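Here's the letter readout for the chains.
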Amino acid sequence: MAEQDYMISMKGVNKWYGDFHVLKDINLNIKKGEKVVICGPSGSGKSTTIRCLNHLEKFQEGTVSINGTDLIDDVKVVRHIRSQVGMVFQHFNLFPHLTVLENLLLAPIWVHKKPRHEAIKTAMEYLERVKIADQAHKFPNQLSGGQQQRVAIARCLCINPEIMLFDEPTSALDPEMVSEVLDVMVELADEGITMICVTHEMGFAKKVADRVIFMDAGQIIEENEPHEFFDNPQSDRLKMFLDQIL
Ligand code: ADP
Ligand code: MG
């Protein structure tokens, strides 16, 4: 495939925080509809990698291209790319002073200039899909962590993104709430959206991922389809990592 045919393409990406070389020659091509799970030790550069894809972080070397557009430091380009990329964080990042519904209306109304009644209709449909429509008029702090994370996912879906990025979406949740969030993510995956998910939920990776990537110390060390990745790790570093988490 030619590079411009990939939904996500990172080529020779290097990034430094001051003197610290945080991303070392990252090369990653992801096809439309592909599901990729990224795992690796804390501090290995997983968050930084996916934050480079929607310009939440800048990088000093290399190229990133999203759905055929080269990501450059230009307001219009960044806006265009962000309109195609939804991101879900570990800490839901909902606006606490807005109701669930108002959280979902912000981007469609203010960024995408949708009429309010249309935005409400779409928002309610997505709240329905993440099974939380009955909470639409509550404030985030009146919901459980699992419910808040489902709201955060619905909020992303309201912009009808091509790509969803998840950064450890279940790691701040109490154990009993993990599966309600993973279930929503599995459904999304089934619908064909392109997905990158940083997670250590290996059950999810096995069920959903086309490819699992292992990062360590700012590098992609190993990648494979899930079966081979877990059952036949090649590098000592991945073997050690899997021993620790499985
Ligand atoms: P991961 O998501 O794999 O845990 P991160 O991408 O968050 O790793 O971070 C990679 C490394 O970069 C870590 O060592 C972290 O301390 C460092 N780092 C992250 N953000 C910053 C920053 N804003 N300034 C300096 N160092 C940072
Ligand atoms: Mg992280």
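Residues numbered from 1 in each chain as written. Chains lettered and ligands numbered in written order. Predicted model: local features only at pLDDT ≥ 70, side-chain atom pairs only at ≥ 80, totals over all residues. Heavy atoms only, no water.

As recorded in an unreviewed UniProt entry, the protein goes by the name Amino-acid transporter subunit ATP-binding component of ABC superfamily, listed as coming from Moritella yayanosii. UniProt lists a comment for the protein under the heading Sequence similarities (unreviewed entry), and it reads "Belongs to the ABC transporter superfamily." Under the heading Subcellular location (unreviewed entry), UniProt records this for the protein: "Cell inner membrane". (UniProt positions renumbered as here; feature names shortened; annotations may be inferred.)

Trainee: Mind laying out helix α6 (residues 175-190), listing which residues take part and the relevant values?
Mentor: Between its first and last C-alpha atoms α6 spans 24 Å; for 16 residues at 1.5 Å apiece the expected length is 22 Å, and the two agree. Of all the positions in α6, only Met-177, Val-178, Val-181, Leu-182, Val-184, Met-185, Val-186, Leu-188 and Ala-189 are classed as buried. Looking at the buried residues of α6, the elements they touch are β3 (35-39), α4 (116-129), α5 (145-157), β7 (163-167), β8 (194-198) and α7 (202-208). At the C-terminal side of α6, Gly-192 shows a positive phi close to 95 degrees. (Helix = DSSP H or I, 4+ residues; strand = E, 2+ residues; numbered from the N terminus. Expected span 1.5 Å × (residues − 1). Buried < 20%, exposed > 50% of the residue type's maximum accessible area, 1.4 Å probe, protein only. Contact = heavy atoms within 4.5 Å.)

Trainee: With reference to specific residues and values, describe the sheet that holds strand β2 (residues 20-30).
Mentor: What the four strands build is an open sheet, ordered β2-β1-β4-β5; its pairing is antiparallel. Single-partner strands in this sheet number two, and they are β2 and β5 (69-70). Of the strand pairs in this sheet, strand β1 (residues 8-17) and β2 are connected by seven bridges, and their pairing is antiparallel. Note that in β2 the partner of Ser-9 across the bridge is Asn-29. (Pairing = 2+ DSSP bridges.)

Trainee: Lay out the side chain of Thr-69 in plain terms, naming residues and giving numbers.
Mentor: By the secondary structure assignment, Thr-69 is in strand β5. If we ignore the near neighbours within four places in the chain, the residues touching Thr-69 are Val-64, Val-77, His-80 and Ile-81.

Trainee: An account of the sheet that holds β8 is requested, with residue identities and associated values reported.
Mentor: Taking strand neighbours across the sheet as the criterion, the six strands line up as β6-β7-β8-β3-β9-β10 in an open arrangement whose pairing is mixed. A single partner strand is all that each edge strand has here, and the edge strands are β6 (85-88) and β10 (219-224). Ignoring strand direction, the axes of neighbouring strands in this sheet form an average angle of 20 degrees. In this sheet, strand β9 (residues 211-216) lies alongside β3 in parallel orientation, the contact comprising four bridges. Residue pairing in the sheet places Cys-39 in a bridge with Phe-214 of β9. The strands that α5 touches are β6 and β7; relative to β6, the one it contacts most, it runs at about 170 degrees. (Axes fitted to C-alpha atoms, helices over the stretch in contact; angles between N-to-C directions.)

Trainee: With reference to specific residues and values, describe the confidence of the model for the protein.
Mentor: Low pLDDT marks regions whose predicted coordinates should not be analysed in detail. Looking at the protein as a whole, the pLDDT averages 95, with 99% of positions reaching at least 70. Reported for the predicted complex are a pTM of 0.95 and an ipTM of 0.97. (pLDDT = per-residue confidence, 0-100.)

Trainee: So what's going on with the UniProt feature "domain: ABC transporter" (unreviewed entry) in the protein? Which residues, and what values?
Mentor: This chain's UniProt record puts "domain: ABC transporter" (unreviewed entry) on residues 8-242. Split by type, residues 8-242 is 38% helix and 26% strand. Its first and last C-alpha atoms lie 27 Å apart.

Trainee: Any chance you could break down the pairing of β8 for me, citing the residues and the numbers?
Mentor: Most of β8 sits out of view: five of its five residues are buried. Side-chain alternation along β8 places Thr-194, Ile-196 and Val-198 on one buried face and Met-195 and Cys-197 on a second face that is also buried. Where β3 and β8 come together, four bridges link them in parallel fashion. In the sheet register, Val-37 faces β8, and the bridge partner there is Cys-197. Since β7 and β8 lie parallel, the crossover through α6 that links them has a hand, and here it is right-handed. (Right-handed = clockwise from strand over helix to strand, strands pointing away.)

Trainee: Would you mind going over helix α9 (residues 236-245) in detail, with residue names and values included?
Mentor: In an α-helix, one turn spans 3.6 residues, which is why side chains three or four residues apart end up on the same side. Buried within α9 we find Leu-238, Phe-241 and Leu-242. Each buried residue of α9 sits inside an arc of 95 degrees when the element is viewed along its axis, so together they form one side. Turned more than 90 degrees away from the buried face of α9 sit Asp-236, Met-240, Asp-243 and Gln-244, all of them exposed. On its buried face, α9 sits against β3, β9, β10 and α8 (226-231). (Arc of directions from axis to C-beta.)

Trainee: Can you explain the pattern of salt bridges? Please cite residues and give values.
Mentor: Under the counting rule described, the total for this entry stands at twelve salt bridges. Two residues, Asp-73 and Lys-58, come together in a salt bridge whose shortest N-O distance is 3.2 Å. Residue Asp-73 is found in the loop between β5 and α2 (75-82), and its partner Lys-58 is found in the loop between α1 (46-51) and β4 (61-66); the two are separated by 15 residues along the sequence. Taking relative accessible area as the criterion, Asp-73 reaches 57% and is therefore assigned exposed. With a relative accessible area of 47%, Lys-58 lands in the partly exposed category. In this structure, Arg-237 and Asp-216 form a salt bridge, with 3.2 Å as the shortest nitrogen-oxygen distance. Pair noted here: Arg-237 is in helix α9 and Asp-216 is in strand β9, with a separation of 21 residues, a long-range link. Note on Arg-237: relative accessible area 38%, which makes it partly exposed. Of the residues examined, Asp-216 reaches a relative accessible area of 16% and is grouped as buried. (Salt bridge = Lys/Arg side-chain N within 4 Å of Asp/Glu carboxyl O.)

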